[in-house]
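# Structural features, examined
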Amino acid sequence: TSTDQTSTQPPATDRLTLHTYGEVSQRSGVTGPAVDPSAVTVGIVHLGIGAFHRAHQAVFTEDAAAAAGETGWGILGVTQRSTAVVDQLVPQDGLYGVRTVGKDSSSLRLVGSVRGVAFPGEETQRVLDAIAAPTTHVVTLTVTEKGYRAGADGRLDLGDRDVLADLEALVGESRGADALARQTGTAVQGGATTPDVVEDAVPARSAIGLLVRGLAARARAGGEPLTVLTCDNLLDNGHVLEGLVGQALDAAAGLPGADLEQVERLRAWLRASVTFPCTMVDRIVPATTEGDRAAAEEATGVRDEGLVVAEPFMQWVIEDRFAGPRPAWELAGATLTDDVAPFERAKLRMLNGTHSLLAYLGSIAGHRLIADAVADPELLAAARSLLVDDVTPTLVAPQGLDLATYAESLLERFANPALGHTTIQVAMDGSKKLPIRFLATAADRLADGAVPDAVAHGVAGWVVFVAVGRTVAGEPLRLDDPIADELRAAAAEVAGPDEVGPVHAEALVRRMLAVEQVFPAEVRDHAGFRDAVVAHTERLLAGYPGR
Ligand code: CS2
């Protein structure tokens, strides 16, 4: 019976909470939190509170607040995709640990800066109110490449139903606010009252839609300045996001019932009071495993469902263009600068590009971990060639960074086996990552009259990963991509979905390069580049038995 089952289970371990963390933080090998969580109030709304944010910006923010003695930089974390993070963190009062895993040592640090977690499904109003609150000064985002909902042309995808639903909600919210203002005689832009008109906001369906609705709510609530800080691996991420927000407003203005004057006021406010600085973020954060949770439980005596794992290295370069107050992130080791672009380009093309190359070539060769892939001499040579031969000539070294040293330091970071970072995790969302990580490099090299052979090798790895979907030993490889169906269908046109034998490398490469969401014309149509991809694809396919 169920009673018997319960009685045979070991007593549940306490969770990490405001009640238990004090004792935990006294344990040897455990540090933090650097702030008293009970004393911290929310000053930042973060969209996309996955593992990366918890191991990166939340840590920088907590250390900055501690160093400056400020208590107003707590974080309200918003999860877009699932309620899992809510289940992990809400029962723990927002507390969690970061397990830092070096090559031969690990440590655990508690973080207390996350002061709330919301799932916009049911809590959209709470999030809109938080973005509108004058005590909030920064909205940060880590929603991954696909979370920006840009189409093949890089502009906001207006065919996206989630985005459209959010823009319709935006129009409704603006009208609701307008109606209330007329009833009560307050001007919408008066700033005297926070319009509490929409008791239960329509659930937000996209991060970008939620952000735009939040910005509109803030404009209506008095329009205090705000900084919107994207922390995703996009090129020129701040400008991209600013552009998408503008395109969202253009689209909203065209919807039935839109109040054009209000949209114009919102635009004027954005120009005057909101900035979108660019950032470069860096820390390798693999998915947390049950083994990590068990190890942390061993060290702390409590259960931490919100635990994240990370490498020791962390870096944050931020364009110093804030609309209002910000945490003193430089006190926590962040670099505030006028120009993020050289750092961003170097990181995306070198670190992320090589990561993706190792992910595709590694996974098809049967390497489970990035560390295994980079330990394979053939793949190490390919990674070095990408770094040195193809990417380095396209870069202007950021100030104080020697690119050759940087390249070697990346290979060393990838080689950390204790981290457990899997090739399949990095292989995810290739259609969104390739253009930024490989194809920008390719375009630059081709424009210079050189064929980037290591990029072609990486692209061939992706083609085979998508088309064959198995390791050379026959193990299935999961294709996790926003356009997975389209990619599979494209590959299947030239080969049965499961057939390696009859695949013709050239036909396959031509078909895959024709996927416009991924390949820009100047790369797709370059015969020399295509030949190089075909040659590598042929060789990779030959590695499968029966060929
Ligand atoms: C990785 C990145 O999953 C991936 O695509 O390349 O998440 C990488 O680990 C980080 O950008 C490192 O800063």
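As recorded in an unreviewed UniProt entry, the chain goes by Mannitol-1-phosphate 5-dehydrogenase and comes from Sanguibacter keddieii. Comment text from UniProt for the chain, heading Catalytic activity (unreviewed entry), reads "D-mannitol 1-phosphate + NAD(+) = beta-D-fructose 6-phosphate + NADH + H(+)". Under the UniProt heading Sequence similarities (unreviewed entry), the note attached to the chain is "Belongs to the mannitol dehydrogenase family."

## Things to note about helix H6 (residues 120-132)
The end-to-end C-alpha distance of H6 is 15 Å, clearly below the 18 Å that 13 residues give at a rise of 1.5 Å each. Where H6 bends most, the angle comes to about 35 degrees, and this point is Arg 126. With respect to burial, H6 is a largely interior element, ten of its 13 residues being buried. Buried residues along H6 sit in contact with strand S2 (42-47), strand S3 (74-78), strand S6 (114-118), strand S7 (138-141) and helix H8 (207-220).

## Points about the site of the ligand
Lining the immediate environment of the ligand, one finds Asn 233, Asp 282, Arg 283, Ile 284, Leu 351, Asn 352, His 355, Gln 425, Val 426 and Lys 433. Counting only elements with at least two residues in the shell around the ligand, the list comes to helix H12 (341-364) and helix H16 (423-427). Among the elements that take part in the shell around the ligand, H12 stands out by supplying three residues, more than any other. Residues belonging to the shell around the ligand are distributed by class as follows: three nonpolar, four polar and three charged.

## Some remarks on the nonpolar core
Counting residues in each nonpolar core, the largest one holds 162 residues, and the members touching the most others are Leu 358 and Val 463. A total of twelve residues in this core trace back to one element, the largest contributor, which is helix H18 (residues 453-468). Contact partners of Leu 358, with chain neighbours within four places excluded, come to Ile 370, Ala 373, Val 374, Leu 379, Ala 383, Phe 414 and Thr 423.

## Topic: unusual backbone geometry
Backbone torsion omega between Gly 32 and Pro 33 reads -5 degrees, so that peptide bond is classified as cis. By the secondary structure assignment, Pro 33 is in the loop between strand S1 (30-31) and S2. Residue Arg 149 is not a glycine yet carries a positive backbone phi of 55 degrees. Relative to the helices and strands, Arg 149 is located in the loop between S7 and helix H7 (161-184). Residue Asp 429 is not a glycine yet carries a positive backbone phi of 60 degrees. Considering the arrangement of structural elements, one finds Asp 429 in the loop between H16 and helix H17 (430-447).

## Here's the deal with the sheet that holds S3
A sheet is described by the order of its strands in space; here six strands give the open sequence S6-S3-S2-S7-S8-S9, paired in parallel fashion. Either end of the sheet is taken by a strand with one partner, and the two such strands are S6 and strand S9 (274-275). Here S2 pairs with S3 via five bridges, running parallel. The residue bridging His 46 from the neighbouring strand is Gly 77, located in S3.

## Some points on helix H9 (residues 237-253)
With 17 residues, H9 extends 24 Å between its outermost C-alpha atoms, agreeing within 8% with the 24 Å of an ideal straight helix rising 1.5 Å per residue. Of all the positions in H9, only Asn 237, Gly 238, Leu 241, Leu 244, Val 245, Ala 248, Leu 249 and Ala 252 are classed as buried. For H9, the angular spread of buried residues about the axis comes to 140 degrees, placing them on one side.

## Some words on the sheet that holds strand S12 (residues 315-319)
Here we have three strands laid out as an open sheet, ordered S10-S12-S13, and mixed in their pairing. Taken across any chain shown, the strands that pair with only one partner, and hence form the sheet edges, are strand S10 (279-282) and strand S13 (335-337). For this sheet, the mean inter-axis angle between neighbouring strands, taken without regard to orientation, is 15 degrees. Inspection of the sheet shows S10 paired to S12 by four bridges, in the antiparallel sense. Bridging across to S12, Thr 279 finds its partner in Ile 318.

## Observations regarding the confidence of the model for the chain
Predicted coordinates in areas of low pLDDT are best not read in detail. Per-chain confidence: the chain averages 93 in pLDDT, with 93% of residues scoring 70 or above. This stretch, residues 187-198, has a pLDDT under 50; its non-local contacts, to residues over four places away or in other chains, come to 22 contacts. Two numbers describe this predicted complex: its pTM, 0.93, and its ipTM, 0.99.

## Quick notes on the packing of H12 against helix H14 (residues 377-391)
Orientation of H12 relative to H14, taken along the N-to-C sense of each, is 150 degrees, at an axis distance of 10 Å. One way to sum up the angle between H12 and H14 is to call them roughly antiparallel. Crossing angle aside, the handedness with which H12 passes H14 is right-handed. Here Arg 349, Met 350, Gly 353, Thr 354, Leu 357, Leu 358, Leu 361 and Gly 362 of H12 lie close against H14, whose contacting residues are Leu 379, Ala 382, Ala 383, Leu 386, Leu 387 and Val 391. For the contact of H12 with H14, the class distribution of residues is ten nonpolar, three polar and one charged.

## Quick look at the pairing of S3
Within a regular beta strand, the side chains point alternately toward one face of the sheet and then the other, so they alternate between its two faces. Counting buried positions along S3 gives five out of five residues, so the element sits mostly inside the fold. Of the two faces of S3, the one lined by Gly 74, Leu 76 and Val 78 and the one lined by Ile 75 and Gly 77 are each fully buried. Pairing between S3 and S6: four bridges, direction parallel. In the sheet register, Leu 76 faces S6, and the bridge partner there is Gly 116.

## Thoughts on the environment of Leu 170
When you line up the elements, Leu 170 lands in helix H7. Spatially, the C-alpha atom of Leu 170 lies 5.5 Å from that of Arg 213, the residues being 43 residues apart in sequence.

## Brief notes about the pairing of strand S4 (residues 96-101)
Burial within S4 is extensive, with six of its six residues counted as buried. On S4, burial covers both faces: Tyr 96, Val 98 and Thr 100 on one face and Gly 97, Arg 99 and Val 101 on the other are all buried. In this antiparallel pair of consecutive strands, S4 and strand S5 (residues 106-111), the connection spans four residues. Pairing of S4 with strand S11 (residues 308-310) involves three bridges; the strand directions are parallel. The residue of S11 that forms the bridge with Thr 100 is Ala 310.

The rules behind the values
- Residues numbered from 1 in each chain as written.
- Predicted model: local features only at pLDDT ≥ 70, side-chain atom pairs only at ≥ 80, totals over all residues.
- UniProt positions renumbered as here; feature names shortened; annotations may be inferred.
- Helix = DSSP H or I, 4+ residues; strand = E, 2+ residues; numbered from the N terminus.
- Expected span 1.5 Å × (residues − 1).
- Bend = angle between axes of the 7 residues up to and from the residue.
- Buried ≥ 20, exposed ≤ 12 C-beta atoms within 10 Å, placed from the backbone.
- Contact = placed C-beta atoms within 7 Å.
- Near = placed C-beta within 6 Å.
- Nonpolar A, V, L, I, M, F, W, Y, C, P; charged D, E, K, R; others polar.
- Core = buried A, V, L, I, M, F, W, Y, C linked by C-beta atoms within 7 Å.
- Pairing = 2+ DSSP bridges.
- Arc of directions from axis to C-beta.
- Axes fitted to C-alpha atoms, helices over the stretch in contact; angles between N-to-C directions.
- pLDDT = per-residue confidence, 0-100.
- Parallel < 35°, antiparallel > 145°, perpendicular 65-115°, else oblique.
- Left-handed = near helix turned anticlockwise from the far one by under 90°.

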